[in-house]
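What the coordinates show
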Amino acid sequence: MTEQEFLPPIPDFDAGRTRRAVRRGVLRTALTSAVMLLVVVLLLNLGAQWFQRRGDRDDRMLNVLGTALQVANPGYQVDAMMCCDTTPFSLSFTVRLTPLRAGGYSTPNQFGGADFTVSQNQFGRVDWPPPGFLKETSLFTALDSVGTDAPPGKADTKKILDRLPESMYALAVVDFAEPLGEREFSAFVQRHGGVPPEIAIYDGRIGGTPISWRLDTPLPDASQGDAPELTDAELPRNGLAGFRRWVGDLRDHDAVNLDKFGLGLKMLRKWAADGLAYAYVTQHARVRDLRALIDDPQIRAIRLADVAYDLTGLD
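The notes below deal with the structure included here. For clarity, every value in this text was computed on a predicted model and none was experimentally measured. (Residues numbered from 1 in each chain as written. Predicted model: local features only at pLDDT ≥ 70, side-chain atom pairs only at ≥ 80, totals over all residues. Heavy atoms only, no water.)

Here we look at the overall build of the protein chain
- Each helix and strand counted, the protein chain has 10 helices and 10 strands in total.
- A total of 315 residues make up the protein chain; the buried ones form 41% of that total.
- Relative to all contacts within the protein chain whose residues are 6 or more apart in sequence, the contacts with residues 24 or more apart total 73%. (Helix = DSSP H or I, 4+ residues; strand = E, 2+ residues; numbered from the N terminus. Buried < 20%, exposed > 50% of the residue type's maximum accessible area, 1.4 Å probe, protein only. Contact = heavy atoms within 4.5 Å.)

Looking at the pattern of salt bridges
- A complete count under the given rule lists 12 salt bridges for this structure.
- Where Arg191 meets Asp296, a salt bridge forms, and the shortest distance between an N and an O atom there is 3.3 Å. Taken together, the residues Arg191 in helix α6 (residues 182-191) and Asp296 in the loop between α10 (287-293) and β10 (299-308) connect sequence positions 105 residues apart.
- Here Asp296 falls in the buried class, since its relative accessible area comes to 10%.
- What emerges from the salt-bridge pattern is a single network uniting Asp149, Asp175, Arg300 and Arg303. (Salt bridge = Lys/Arg side-chain N within 4 Å of Asp/Glu carboxyl O.)

Considering the packing of aromatic side chains
- Within the structure shown, the criterion is met by 9 aromatic pairs.
- With a centroid separation of 5.1 Å and an interplanar angle of 85°, the aromatic rings of Phe176 and Phe188 are classed as edge-to-face. With a gap of 12 residues between them, Phe176 in strand β6 (residues 169-180) and Phe188 in helix α6 connect regions that are remote in the sequence. Taken individually, Phe176 and Phe188 each receive the classification buried, so the pair is uniform in this respect.
- By way of ring pairs, the aromatic residues Phe176, Phe185, Phe188 and Tyr280 are connected into one cluster.
- Residue placement shows Arg286 over the ring face of Tyr169; its charged tip is 4.0 Å from the ring centre. (Phe/Tyr/Trp six-rings, centres within 6.5 Å; stacked < 30°, edge-to-face > 60°. Lys NZ or Arg CZ within 6 Å of the ring centre and 35° of its normal.)

Things to note about the nonpolar core
- Counting residues in hydrophobic clusters, the biggest one holds 56 residues, and the most contacted among them are Phe243, Trp246 and Leu268.
- Among the elements that take part in this core, helix α3 (residues 57-72) stands out by supplying 7 residues, more than any other.
- With near-sequence residues (within four places) excluded, Phe243 lies in contact with Tyr202, Ile211, Trp213, Leu268, Trp271 and Ala272.
- One finds Ala102, Ala142, Ile201 and Ala305 within the second-largest nonpolar core, a separate group that totals 13 residues. (Core = buried A, V, L, I, M, F, W, Y, C linked by side-chain atoms within 4.5 Å.)

Purely spatial values, then, with no claim about function.
Rendered as structure tokens:
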């Protein structure tokens, strides 16, 4: 028997079967490639999130940049809406800026309020083109006059207040004749309880929007460090202590980002160390209380930025 008689017969060529085999191979290769690509994308995304959020980078970004945005814009309520979005090249959070109004602050779509994204790249540098409307409020105009004798003076302000209903709310800047230290400021606030401070101005420069601090900003938890023990008689609502704590947490490399918001790190440290209140902003004062306040010799001027009727009917 020859060798060829032991070999199995060669099957006939089946074109349909061949096509099905080729399709199965192509499909298997495509699925394998898609799975591998998906795994790579997921790993890159997770790696990017880890890289952008490494350490306390996201929390610190919100604390430094979100607070800097508020400090640099006392005419606005700044609310952090979402933190944080990551890409392989950036870390960002969304904020809502709403202009302050007498008796409170406006809704987001009134008077130029809007949402913005604050973003920093993988090297920690922030990209923040300041929106044009940030300085276009009546409160900014009033703050621009802090420390000066710009009109209206006390006599003209009295005339304005006398023409307004005494129960109206007012948004106003109370400008001190001389800056007040921590205890002096507290004593002044206690003496004039009807004109409550919402924002303190700790900046002694003339002209431009001054460095500010919201007095309802809470102090860090004392368990996280040696937070000072304060009483209401020593400090109105943790103003200077909170400001000093925030400035104390800033690092030298934050200076580049702070400059984007118009804040100099050296200036922040100087005003925090000085601890002098040059003025304050009130949103919930009544016209009648401002009439009583304006004759205080510690007051240089009261600059009205907005007034509103009390529509609750409770007063």
